[in-house]
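Structural features, examined
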Amino acid sequence: MTSTEFDAKAADSGAGATQQFLNKQGAAADTPPERVSMLAREVLGAVHETIRRHNVTYPEYDALKAWLIGVGQDGEWPLFLDVWVEHVVEEVANAHHKGNKGTIEGPYYVPDAPELGATGSLPMRADEPGVPLLFSGQVRTLEGTPLAGAKIELWQADAHGFYSQFAPGLPEWNLRGCFTADDEGRFAISTIRPAPYMIPTDGACGKLVSAAGWHPWRPAHLHLKVSAPGHDLLTAQLYFPGDPHNGDDVADAVKPELILSPQPAVDGDGEVVVYDFVLDPS
Ligand code: MBD
Ligand code: FE
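Scope of this entry: the structure provided in the associated data block. Every value quoted in this text rests on a predicted model; they were computed, and no experiment measured them.

Side note on the overall build of the protein chain
Tallying secondary structure elements over the protein chain gives six helices and twelve strands in all. Computed over its C-alpha atoms, the radius of gyration of the protein chain comes to 20 Å, within 12% of the 19 Å expected for a compact globule of 282 residues. C-alpha extents for the protein chain along the principal axes are approximately 65 × 50 × 35 Å. Each of the 282 residues in the protein chain was classed as buried or not, and the buried ones make up 42%. Counting only contacts in the protein chain whose residues sit at least 6 apart along the sequence, the fraction spanning at least 24 positions is 73%.

Considerations on the site of ligand 1
Taken together, Leu79, Val83, Ile104, Gly106, Pro107, Tyr108, Tyr163, Tyr197, Arg218, His221 and His223 form the complete shell of residues around ligand 1. Contact distances for ligand 1 include 2.9 Å between an oxygen atom and a side-chain N or O atom of Tyr163. A total of 260 Å² of accessible area belongs to ligand 1 in isolation, and the protein chains cover 100% of it.

Details of the coordination of the iron ion (ligand 2)
Protein-derived ligands of the iron ion (ligand 2) are Tyr163 (OH), His221 (NE2) and His223 (NE2), with the metal-ligand distances lying across 1.9 to 2.1 Å. We note that the donor set of the iron ion (ligand 2) lies within a single chain, spaced as Y-x57-H-x1-H. The residues His221 and His223 share a single accessibility class, namely buried.

Remarks on a nonpolar patch on the surface
On the surface, Val43, Val47, Ile51, Val56, Tyr58, Tyr61, Leu64, Leu68, Trp77, Leu81, Val85 and Val89 cluster together into a nonpolar patch covering about 1000 Å² of accessible area. Those elements giving two or more residues to the nonpolar patch turn out to be helix H2 (33-53), helix H3 (58-73) and helix H4 (77-84). Top element by residues in the nonpolar patch is H3. It accounts for four residues. In this structure, Tyr61 sits in helix H3.

Focus: the pairing of strand E8 (residues 221-227)
With six of its seven residues buried, E8 lies for the most part within the structure. Inspection of the sheet shows strand E3 (residues 151-156) paired to E8 by six bridges, in the antiparallel sense. When the sheet's bridge partners are listed, Leu154 is paired in E8 with Leu224. Here six bridges tie E8 to strand E9 (residues 234-239), and the two strands are oriented antiparallel to one another. The partner of Leu224 across the bridge, within E9, is Ala236. The hairpin turn running from E8 into E9, its antiparallel successor, is six residues long, and Gly230 in that turn takes a positive phi close to 80°.

Some thoughts on the sheet that holds E9
Backbone hydrogen bonds hold the strands of a sheet together, and the pairing may be parallel or antiparallel. Read across the sheet, four strands follow the order E4-E3-E8-E9 without closing on themselves; strand pairing throughout is antiparallel. Among the strands making up the open sheet, the edge pair consists of strand E4 (176-180) and E9. Neighbouring strand axes in the sheet, compared pairwise and without regard to direction, differ in orientation by 20° on average.

A short note on the side chain of His97
As for its position among the elements, His97 is in the loop between helix H5 (86-93) and strand E1 (119-121). Only 2.8 Å separates the side chain of His97 from the side chain of Asp232, close enough to count as a polar contact. With residues up to four places along the chain from it excluded, the contact list for His97 reads Asp232 and Asp280.

Let's talk about the packing of aromatic side chains
One pass over the full model with this rule turns up 15 aromatic pairs. Judged by centre distance (5.0 Å) and plane angle (45°), the ring pair of Tyr108 and Tyr163 falls under tilted. Taken together, the residues Tyr108 in the loop between H5 and E1 and Tyr163 in the loop between E3 and E4 connect sequence positions 55 residues apart. Of the residues examined, Tyr108 reaches a relative accessible area of 6% and is grouped as buried. For Tyr163, a relative accessible area of 3% puts it in the buried group. On the basis of an interplanar angle of 75° and a centroid distance of 5.3 Å, the ring pair of Phe135 and Phe187 is categorised as edge-to-face.

Observations concerning H4
Within H4 the residues assigned to the buried category are Pro78, Leu79, Phe80, Asp82 and Val83. On its buried face, H4 is in contact with helix H1 (10-24), H3, H5 and helix H6 (204-212).

Some thoughts on the side chain of Ser13
Relative to the assigned elements, Ser13 resides in helix H1. Judged by relative accessible area, Ser13 falls into the buried class, the value being 6%. Once residues lying within four places of it in the same chain are set aside, the contact partners of Ser13 are Tyr108, Phe166 and Pro200.

Side note on unusual backbone geometry
Look at Asn55: it is not a glycine, yet its phi comes out positive at around 45°. The residue Asn55 is located in the loop between H2 and H3 in this model. Looking at Asn55, the relative accessible area reads 63%, which means it is exposed.

Each value, and the rule that gives it
Sequence positions are assigned chain by chain, starting from 1 and proceeding in written order. Numbering of ligands from 1 and lettering of chains from A proceed in the order in which they are written. Local features in this predicted model are restricted to residues of pLDDT 70 or higher, and side-chain atom pairs are both shown and tallied only at a pLDDT of 80 or more, whereas totals for entire chains, interfaces and linings draw on every residue. Side-chain numbers come from the whole structure's heavy atoms, not from hydrogens or water. Each helix corresponds to a stretch of at least 4 residues labelled H or I by DSSP, and each strand to a stretch of at least 2 residues labelled E; elements are numbered beginning at the N terminus. Only C-alpha atoms enter the radius of gyration, while the globule expectation follows 2.2 Å times N to the 0.38, with N the number of residues. The cut-offs for exposure are 20% and 50% of the maximum accessible area for each residue type, with area from a 1.4 Å probe on protein chains only; residues under the lower value are buried, those over the upper are exposed, and the others partly exposed. In this analysis, two residues are considered to be in contact whenever any of their non-hydrogen atoms come within 4.5 Å of each other. Throughout this document, a residue counts as near a molecule or strand when at least one of its heavy atoms sits within 4 Å of that molecule or strand. Nitrogen and oxygen atoms within 3.5 Å of one another constitute a polar contact, given that in protein one can donate a hydrogen and the other can accept it, and given that sequence-neighbouring residues count only through two side-chain atoms. To measure how exposed things are, a 1.4 Å probe is used in the Shrake-Rupley method; for residues, cover is taken only from the protein chains shown. Only N, O and S atoms count as donors, using a 2.8 Å limit from the metal and a wider 3.2 Å limit for Na, K and Ca, and since water is excluded some coordination spheres may look unfilled. Any residue with relative accessible area above 30% and no salt bridge may belong to a patch, with like charges joined within 9 Å and the nonpolar Val, Leu, Ile, Met, Phe, Trp and Tyr side chains within 5 Å. Salt bridge criterion: a side-chain nitrogen from Lys or Arg within 4 Å of a carboxyl oxygen from Asp or Glu. Criterion used throughout: strands pair if DSSP finds at least two bridges between them. In this description, a line fitted to the C-alpha atoms serves as the axis of each element, helices being fitted only across the stretch in contact, and the angle between N-to-C directions of two axes falls anywhere from 0 to 180 degrees. Aromatic contacts are taken between Phe, Tyr and Trp rings whose centres are within 6.5 Å, Trp giving its six-membered ring; a plane angle under 30 degrees counts as stacked, one over 60 as edge-to-face, and the others as tilted.

Read these as spatial facts, not as claims about activity.
Rendered as C-alpha cells:
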C-alpha cells in the first residue's frame, strides 16, 4: 500500500530535517577556544546548578541519558533545537533590526524551490484541501523605497498540517515556492490556509512533551524568507488571528507584528490578505 501524509513518522521527518541541515552546513563557525570554553562552562554550570537545586536522582539522570540518546536516534536534534532554543538565537541576532520583525526558520526549509515570478500559485495538488488564500504585498527599504526584484520564498504545511518532503505521499514541492517582486516591489501569491502544526508525538520530542504534560502545538503559520541585494535576509512566519495557539506556541515564535488580518474574498471563495515587508540594510 502506498503511504500518505497521515503515515508520517517522527523518525522519518527527523531524518529528513537532519539531512537538510547537514546539506546547508558550510564551514563551522570559527569560534575562538576562549569563547567555546566560556559558553560550554556556563551551559554545563546551569545543568550542574539545576541538579543541585532539585536533588536530581540517578533514575532521573538515566532517564535524561536515555532521552538524549532517543533524540539522536529519531533524528530530532533539528526539531528539538528549533522548537526550544532557536527563538532566543533569533531574538539576539535580529535585536538591531528596524524593519520587519522576523522569527525562527524551524526545521523544514528546503532551498531551491520552484521559481514562480511576481504573481502565481504555490505548487499544489489538483484537489488540494483548504481555504484558498490570496497573499499579496510589497517589499520596501526602511526609507519606503520599493525593492524591485526582491525574493520571497514561501513554504508551509498543508490543510492537514504536513510539510512536503517531511511527510510521505506529498508532491516534492507541494506548497513551496520562490517569487520575485515586480518593478514596484510587489508580489501576489495564491495558496491555501495551512493547518496548525503538531510536532510529532511518536518521537523523543513528543515523549518530552507528554512526560512534562505540555502540548505539542504550533499555531497555523506561513514561513517566509525575504531578501534583496544590500539588505539583511528576513526569515519570518505569519500567523492567523484567533488561532488557539497564538498565545502558547510550543516553539515560542509568535510575535504580534506577525499576525495577519485576512478578509473574506469579495469575488470567489476564500480569503485575501495584504502584508508588506520592510528590509534592514546589511
Ligand atoms: C514547524 O513547522 C516549525 O515551524 C517549527 C519552528 C518547529 C517545528 C515545526
Ligand atoms: Fe513550520
